[in-house]
Amino acid sequence: MNIIVVGLSHKTAPVELRELLAVPVSRGGEALARLLAYPGVKEGMILSTCNRVEVYAVVDDIDRGFSAIQDFFVKTHLALSIDELLPHLYWYADERAIAHLFRVTGSLDSMVVGEPQILGQVKEAFDMALTHHSSGVILNKIVRKAISVGKGVRTNTRISEFAVSISSAAVELAKKVFSNLQEKTVLLVGTGEMGKLAAQHLVNQGIRQMILTTRQTQRAIDLAERFAGKAVPFEDYRAHLVKADIVLCATGAPHYVVSQEDVLRAVRERRNRPMFLIDISVPRNIDPLVKDVDNAFLFDIDDLETHVGANREQRRKEAERAEGMVKDEVSVVLAWLRGLDAKPTIVALRKWAEAIKDTEVEKALARLGSLSSKERGTVEGLASSIINKVLHGPLVTLKTEAQSKNGVIFIEAARRFFDLPDEESSGQGTLNKEETTRTPQHLE
Amino acid sequence: MTGLFFQVTMVLYFVGTIFFLIYLLRRSEALSKVALGIAGLGFLVHTAALIGQTIALGHLQIIRFQEAMSFFAWALVFVFLMVVWTRRLHVLGSFILPLAFLSLVTASMAPAEVHELSPVFRTVWVHVTLSMLGTVGFAVAFVAGIMYVMQDRLLKSKRFNVLYSKLPPLDFLDTLNQRSILLGFPFLTLGILTGAVSAHISFGSYLSWNSEQIWALVTWAFYFTVLMVRITIGWRAKKAAYLTIVGFAGVILTFVGVILKNDISLTSL
């Protein structure tokens, strides 16, 4: 039983590719069904955001699992070949896969470390898996743990504070250019997480007109609904640049989306009315030369950082602390996972029974006084045979069921019935109530 | 007595200026209240001085150079207090009060002997007052322009320092710039017209093409152009800021020219 992840993110793949492979909620059921149809894939979850598409799965065999998910990606989009895709994929198994999920959920792998949206997105992915019964005991446990790690990172370190302050810095800067934000028009290019966050901050400041554009028209329309704005096709968003007092750019494209010439023309058409541009993309989406355009004020993430006055060193330390938290939690989950193997459980169960037998025999022998060796043998034999007979059923069931899809449930149950300790940890890794009540769903 | 009032005013404006300048460099907001209080007190004493002078002379006399400069300072502080009243924009004081103080210093440097004026010249105060009110408008535009350029540079170079945090938003400064010129321009126009009428009454000709008159016309044409290019080709924001700085520099040069020539007679204004 192995947990693996295969995916691509803003660190490995251009936005065009990520968008091709994105799995919208509406197609989640179909995608998950397709994933679970691969032999050896027992549980699955798809995390699809603007910045990443990742498939988490519990598989029998790591290598076959990897190739199954690669194939899954290739078949997600017909135009895609494995050769095109492979250079952009990363894959991890077991400890590293869990650590990856924890880091992602803790926003340590985000474009802007500490951005708050990813936690919600992991929850959504998990809900999708639960709705379509694609996750089982192992994923449920791990993802729930990931979500709690994500929350822990947020509450116990200051990295999310920083992401929020980046957005407020954008608003504060905007207020140094415009005295009254309410009458201003915002153009949001792309749907990067930080872009949305900054847009939300601006809306909170009373901005009413918002124009949205992204390569995926549907996403723009969805967002337009959320912000009560207007979606425009990506191809001709430049025509709307002239109306934009504030431009928020977060497309995740690997090249410049807004050129110096675009801004020069817009400012001229705006008859020198100032333009305020925020580039929250890594790499940059707005040509840095825009800073030379009169009456155009461009700020990128680094500038916002400077504005926040965030101490880089301090932030690095906070991130390190978060990484430490992730590491600790990974080892807890690993211990729990190890306990889910049939063999150690059987061994532990036997040990437990043997220990009881030994103590009880000892007690009985002490009470009986001196016995002949034959009599001693009879007492010991009696105890052994009782234990063996009692254990026979459960052990056979464990051995056979462990091979089945929901085998871990039996192992987990055995561990709890007999109160067997987790390996390398004491009791921390046991399932919580919620999970037990969910199990019947997966048995159906 | 009036002279003492003027001196007290000067001292108060000076202290207020110091406080306002320190305020500009400190994070604390408390200092601006002290500075504002001092400026307000200075304004009251200044007003009392002007009223006292008017009562003493029996008529309003804003004719000679130092009277004009003193009135200019008074009107400037008045406008400043009005802006602070409506916009709570204390930082404006860091720029306007020094200007008011310097005007008073300039006024005090001019010879103070009082000529008895022939009645025909007594109407000249209308011309001087209107011209000075126009100049106040341009001075505020100038200050707004300086603040604009400073904030523009700070934003462009991404220096988020104390000054950056205190300066108001760019579009506010641009609006202040435009409105100040819009207010100042009609006053200057009327000032020039009344000046021409006064000149006609005094000397028999509307225009004698002396340097001050030429400068007044150049100033008028300049600010007219500033307003026009804003409306027609959208020269607002940074361009307008630079134009008004240059424009007021011209106005100051005119005044300096007047002082250097030591020609403080009526025709100079």
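## Here's the deal with the overall build of chain B
Here's step 1: Each helix and strand in chain B was counted, giving nine helices and zero strands.
Here's step 2: Ordered by position in the sequence, the α and β elements of chain B form the string α-α-α-α-α-α-α-α-α.
Here's step 3: A buried classification covers 44% of the 269 residues belonging to chain B.
Here's step 4: Taking contacts inside chain B between residues at least 6 apart in sequence as the whole, the part at least 24 apart equals 81%.

## Quick word on the overall build of chain A
Here's step 1: Helix and strand counts for chain A stand at 18 helices and ten strands.
Here's step 2: Pairs at least 24 residues apart make up 73% of the contacts formed inside chain A by residues separated by at least 6 positions.

## Some points on the sheet that holds strand 3 (residues 52-59) of chain A
Residues and elements named next belong to chain A.
Here's step 1: If you trace the four strands from one edge of the open sheet to the other, you get 2-3-1-4, paired in antiparallel fashion. Here the strands that pair on one side only, and so sit at the sheet edges, are strand 2 (41-48) and strand 4 (90-93). For this sheet, the mean angle separating the axes of adjacent strands, direction not counted, is 15°.
Here's step 2: Judged from the eight bridges that link them, strand 1 (residues 2-9) and strand 3 form a sheet pairing that is antiparallel. By the bridge assignment for strand 3, asparagine 2 is matched with valine 59.
Here's step 3: Here helix 3 (residues 62-76) sits on the sheet in contact with strand 1, strand 2, strand 3 and strand 4, set at roughly 35° to strand 1.
Here's step 4: Here helix 5 (residues 94-105) sits on the sheet in contact with strand 1, strand 3 and strand 4, set at roughly 50° to strand 1.

## A word on the packing of helix 15 (residues 342-368) of chain A against helix 16 (residues 373-401) of chain A
Two numbers describe a pair of packed helices, the interaxial angle and the distance between the axes.
All names here are of chain A.
Here's step 1: One way to put it is that helix 15 packs onto helix 16 with a least axis distance of 10 Å and a crossing angle of 160°. As summarised for this structure, helix 15 and helix 16 are arranged roughly antiparallel, according to the angle between their axes. Read as a crossing pair, helix 15 and helix 16 show a hand that is right-handed. Seen from helix 15, the contacting residues are Ala342, Thr345, Ile346, Leu349, Ala353, Lys357, Glu360, Val361, Ala364 and Leu365; seen from helix 16, they are Arg376, Val379, Glu380, Ala383, Ser384, Ile387, Leu391, Leu395, Leu398 and Lys399.
Here's step 2: Its residues assigned to classes, the contact of helix 15 with helix 16 comprises 13 nonpolar, two polar and five charged.

## Comments concerning the sheet that holds strand 7 (residues 230-231) of chain A
Residue and element names in this part refer to chain A.
Here's step 1: Strands sit in the order 7-6-5-8-9-10 across an open sheet of six strands; the sheet is parallel. Looking at the sheet topology across the chains shown, the edges are occupied by strand 7 and strand 10 (296-300).
Here's step 2: Examined bridge by bridge, strand 8 (residues 246-249) and strand 9 (residues 275-279) share four bridges and lie parallel to one another. Across the sheet, residue valine 247 finds its bridge partner in strand 9, namely leucine 277.

## As for the nonpolar core
Here's step 1: In this structure, Leu248(A), Cys249(A), Leu277(A) and Leu76(B) are the most contacted members of the largest nonpolar core, which totals 193 residues.
Here's step 2: Of the residues forming this core, the biggest block, 17 residues, is contributed by helix 5 (residues 124-156) of chain B.
Here's step 3: Leaving out residues up to four positions away in the same chain, Leu277(A) has contacts with Val247(A), Cys249(A), Ile286(A), Val290(A), Ala296(A), Phe297(A) and Leu298(A).

## Topic: the pairing of strand 10 of chain A
Residues and elements named next belong to chain A.
Here's step 1: Of all five residues in strand 10, five are buried, a share of seventy percent or more.
Here's step 2: Burial along strand 10 is two-sided: Ala296, Leu298 and Asp300 facing one way and Phe297 and Phe299 facing the other are all buried.
Here's step 3: In this structure, strand 9 lies alongside strand 10, joined through five bridges in parallel fashion. Across the sheet, leucine 277 pairs through a bridge with leucine 298, a residue of strand 10.

## A few points about helix 7 (residues 170-203) of chain B
Here's step 1: Between its first and last C-alpha atoms helix 7 of chain B spans 47 Å; for 34 residues at 1.5 Å apiece the expected length is 50 Å, and the two agree.
Here's step 2: With its phi angle positive at about 90°, Gly204(B) sits one or two positions after the end of helix 7 of chain B.

## Here we look at helix 8 (residues 211-233) of chain B
All names here are of chain B.
Here's step 1: Look at helix 8: 31 Å from first C-alpha to last across 23 residues, which is about the 33 Å you get at 1.5 Å a residue.
Here's step 2: The complete set of buried residues in helix 8 reads Ala216, Thr219, Tyr223, Val226 and Arg230.
Here's step 3: The first or second residue beyond helix 8 is glycine 234, which carries a positive phi of 70°.

## Comments concerning the interface of chain A and chain B
Here's step 1: Contact with chain A, which involves 15 residues of that partner, is made by 15 residues of chain B.
Here's step 2: When residues of the side of chain A that touches chain B are traced back to their parent elements, those giving at least two are helix 8 (159-177) and helix 13 (301-308) of chain A.
Here's step 3: Across the side of chain A that touches chain B, the residue classes break down as four nonpolar, five polar and six charged.

## As for the pairing of strand 6 (residues 209-213) of chain A
Residues and elements named next belong to chain A.
Here's step 1: In terms of burial, strand 6 is a largely internal element, four of the five residues being buried.
Here's step 2: Examined bridge by bridge, strand 5 (residues 185-189) and strand 6 share five bridges and lie parallel to one another. Residue pairing in the sheet places threonine 185 in a bridge with glutamine 209 of strand 6.
Here's step 3: One crossover worth recording links strand 5 to the parallel strand 6 by way of helix 9 (residues 193-204), and it is right-handed.
Here's step 4: For the segment spanning strand 6, helix 10 (residues 217-227) and strand 7, crossover handedness is right-handed.

## Topic: the packing of helix 5 of chain B against helix 7 of chain B
Residue and element names in this part refer to chain B.
Here's step 1: Running from amino to carboxyl end, helix 5 crosses helix 7 at an angle of 160°, the nearest separation of the two axes being 7 Å. Taken together, the axes of helix 5 and helix 7 are roughly antiparallel relative to one another. The crossing of helix 5 and helix 7 is left-handed.
Here's step 2: For the contact of helix 5 with helix 7, the class distribution of residues is 20 nonpolar, 13 polar and two charged.

## Points about the environment of Arg27(B)
Residues and elements named next belong to chain B.
Here's step 1: Structurally, arginine 27 is set in the loop between helix 1 (2-25) and helix 2 (30-57).
Here's step 2: The exposed category is assigned to arginine 27, around which 9 C-beta atoms lie within 10 Å.
Here's step 3: Spatially, the C-alpha atom of arginine 27 lies 9.5 Å from that of asparagine 161, the residues being 134 residues apart in sequence.

## A word on unusual backbone geometry
Here's step 1: Phi is positive for Asn272(A), which is not a glycine, with a value near 70°.
Here's step 2: Within the secondary structure layout, Asn272(A) lies in the loop between helix 12 (260-269) and strand 9.

## Focus on the confidence of the model for chain A
Residue and element names in this part refer to chain A.
Here's step 1: Here chain A averages 84 in pLDDT, and 92% of its residues register 70 or above.
Here's step 2: Element-level mean pLDDT values for chain A span from 36 in helix 18 (residues 433-443) up to 95 in helix 5.
Here's step 3: Within the model, pLDDT remains below 50 along residues 424-444, and this stretch shows 28 contacts once partners closer than five positions in the same chain are excluded.

## As for the confidence of the model for chain B
All names here are of chain B.
Here's step 1: Of all residues in chain B, 90% have pLDDT values of 70 or greater, and the mean over the chain is 86.
Here's step 2: Helix 5 holds the highest mean pLDDT among the elements of chain B, 92, whereas helix 9 (residues 237-261) holds the lowest, 84.
Here's step 3: Confidence drops under a pLDDT of 50 for residues 263-269, and excluding neighbours within four residues, the segment shows 19 contacts in the predicted structure.
Here's step 4: If you check the scores for this complex, the pTM reads 0.70 and the ipTM reads 0.86.

Calculation rules
- Residues numbered from 1 in each chain as written.
- Chains lettered and ligands numbered in written order.
- Predicted model: local features only at pLDDT ≥ 70, side-chain atom pairs only at ≥ 80, totals over all residues.
- Helix = DSSP H or I, 4+ residues; strand = E, 2+ residues; numbered from the N terminus.
- Buried ≥ 20, exposed ≤ 12 C-beta atoms within 10 Å, placed from the backbone.
- Contact = placed C-beta atoms within 7 Å.
- Pairing = 2+ DSSP bridges.
- Axes fitted to C-alpha atoms, helices over the stretch in contact; angles between N-to-C directions.
- Parallel < 35°, antiparallel > 145°, perpendicular 65-115°, else oblique.
- Left-handed = near helix turned anticlockwise from the far one by under 90°.
- Nonpolar A, V, L, I, M, F, W, Y, C, P; charged D, E, K, R; others polar.
- Core = buried A, V, L, I, M, F, W, Y, C linked by C-beta atoms within 7 Å.
- Expected span 1.5 Å × (residues − 1).
- Right-handed = clockwise from strand over helix to strand, strands pointing away.
- pLDDT = per-residue confidence, 0-100.

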